[in-house]
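Chain and residue survey
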Amino acid sequence: MGNIITHKIKKLAFGTDHTATKIRGKVKNYLQSSGYEIEDFGFNGDSSCDYPDFALKVSKAILTKRADKGILICGTGIGMSIAANKIKNVIAATCWDENTAKLAAQHNAADIICLGSRTTALDDICHRIEIFLRTQFEERHSQRIKKIKEIEKQY
Ligand code: RB5
């Protein structure tokens with residue numbers, strides 16, 4: 001299913017596109033100071049880049065269990081989420097506020113939170129990530145996640 005985590009979340013896969021160049025270091029510092037280990041998959045350059053490249057890298061880290069959860073930031077969080085959801089068995093969610101950050105973990109078993117550097121203030125980005133990481137999946141939603149996986153297998 002989305003990788004349902006039963007143990008404490010520790011390892012994070014982190015990826016951004018060029019829109020998040022100015023904030024990416026601050027988000028990482030915030031998470032590291034909260035005790036998380038971060039594997040940074042880029043983008044670290046000055047030019048522009050293509051967000052699907054980083055969505056793929058972070059999604060692979062989830063699939064191989066190198067990371068417990070993933071964080072993807074592009075301009076809106078939408079492109080990253082579309083790209084990451086193309087990878088079988090990965091669930092990514094764009095989260096617009098604290099509530100959707102919580103529900104993405106609790107109801108949707110999301111592996112990856114996607115956020116927008118152009119739509120969301122730095123403090124809100126950090127806060128939403130924290131809520132997402134601290135919220136556990138509720139088993140009562142398992143049947144629905146299984147159905148999503150069935151759809152993925154069939155189409
Ligand atoms: C890049 O200009 C922008 O399209 C990208 O960051 C993202 O917002 C796509 O969804």
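The notes below deal with the structure included here.

Criteria and thresholds
Residues numbered from 1 in each chain as written. Predicted model: local features only at pLDDT ≥ 70, side-chain atom pairs only at ≥ 80, totals over all residues. Heavy atoms only, no water. Patch = residues over 30% accessible without salt bridge, like charges linked within 9 Å, V, L, I, M, F, W, Y side chains within 5 Å. Areas by Shrake-Rupley, 256 points an atom, 1.4 Å probe, with all protein chains shown as cover. Salt bridge = Lys/Arg side-chain N within 4 Å of Asp/Glu carboxyl O. Lys, Arg positive; Asp, Glu negative; His and termini not counted. Charge placed at Lys NZ, Arg CZ, Asp CG, Glu CD. Helix = DSSP H or I, 4+ residues; strand = E, 2+ residues; numbered from the N terminus. Core = buried A, V, L, I, M, F, W, Y, C linked by side-chain atoms within 4.5 Å. Buried < 20%, exposed > 50% of the residue type's maximum accessible area, 1.4 Å probe, protein only. Contact = heavy atoms within 4.5 Å. Near = heavy atom within 4 Å. Polar contact = N/O pair within 3.5 Å; in protein donor to acceptor, adjacent residues only side chain to side chain. Nonpolar A, V, L, I, M, F, W, Y, C, P; charged D, E, K, R; others polar. Pairing = 2+ DSSP bridges. Axes fitted to C-alpha atoms, helices over the stretch in contact; angles between N-to-C directions.

Once that is clear, we can look at a negative patch on the surface. On the surface, D97, E98, D123 and D124 cluster together into a negatively charged patch. If you trace the backbone, E98 turns up in helix α4 (residues 98-106).

Moving on to the nonpolar core. Grouped together as the largest cluster of nonpolar side chains are 29 residues, with contacts concentrated most on V27, L31, I73 and I129. For this core, the secondary-structure elements that each account for two or more residues are β1 (11-16), α1 (24-33), β3 (69-74), α4, β5 (112-116) and α5 (122-134). No other element matches the six residues that α5 contributes to this core. Those residues within four positions of I129 in sequence are excluded, and the remaining contacts are V27, L31, I71, I113 and L115.

Neighbouring residues of the ligand: D17, H18, T19, Y51, C74, G75, T76, G79 and R118. Contact distances for the ligand include 2.8 Å between an oxygen atom and a backbone N or O atom of G75. In the model, an oxygen atom of the ligand is placed 3.1 Å from a nitrogen or oxygen of the T76 main chain. Considering the ligand on its own, with 290 Å² of exposed area, one finds that the protein chains cover 71% of that surface. In terms of residue class, the shell around the ligand is made up of two nonpolar, five polar and two charged.

Another point: the pattern of salt bridges. Under the counting rule described, the total for this entry stands at seven salt bridges. With a closest N to O distance of 2.8 Å, K28 and D40 form a salt bridge. Residue K28 is located in helix α1, and its partner D40 is located in strand β2 (residues 37-40); the two are separated by twelve residues in the primary sequence. Accessibility expressed as a relative area gives 26% for D40, which makes it partly exposed. Where K149 meets E152, a salt bridge forms, and the shortest distance between an N and an O atom there is 3.8 Å. Note that K149 and E152 are positioned in helix α6 (residues 142-154) at a spacing of three residues, about one turn of the helix. Here K149 falls in the buried class, since its relative accessible area comes to 10%. The structure contains a network of salt bridges with shared partners spanning R24, K28 and D40.

It is worth spelling out the side chain of T135 at this point. Considering the arrangement of structural elements, one finds T135 in the loop between α5 and α6. Overall, T135 belongs to the buried group, its relative accessible area being 14%. Here I131 takes part through its backbone oxygen, which lies 2.7 Å from a polar atom of the side chain of T135.

This brings us to the sheet that holds strand β4 (residues 92-94). The strand order across the open sheet formed by five strands is β2-β1-β3-β5-β4, and the pairing between neighbours is parallel. Looking along the sheet, the strands with just one partner apiece sit at the ends: β2 and β4. For this sheet, the mean angle separating the axes of adjacent strands, direction not counted, is 25°. The pairing of β1 with β3 spans five bridges and is parallel. Looking at β3, one finds that F14 is bridged to I71.

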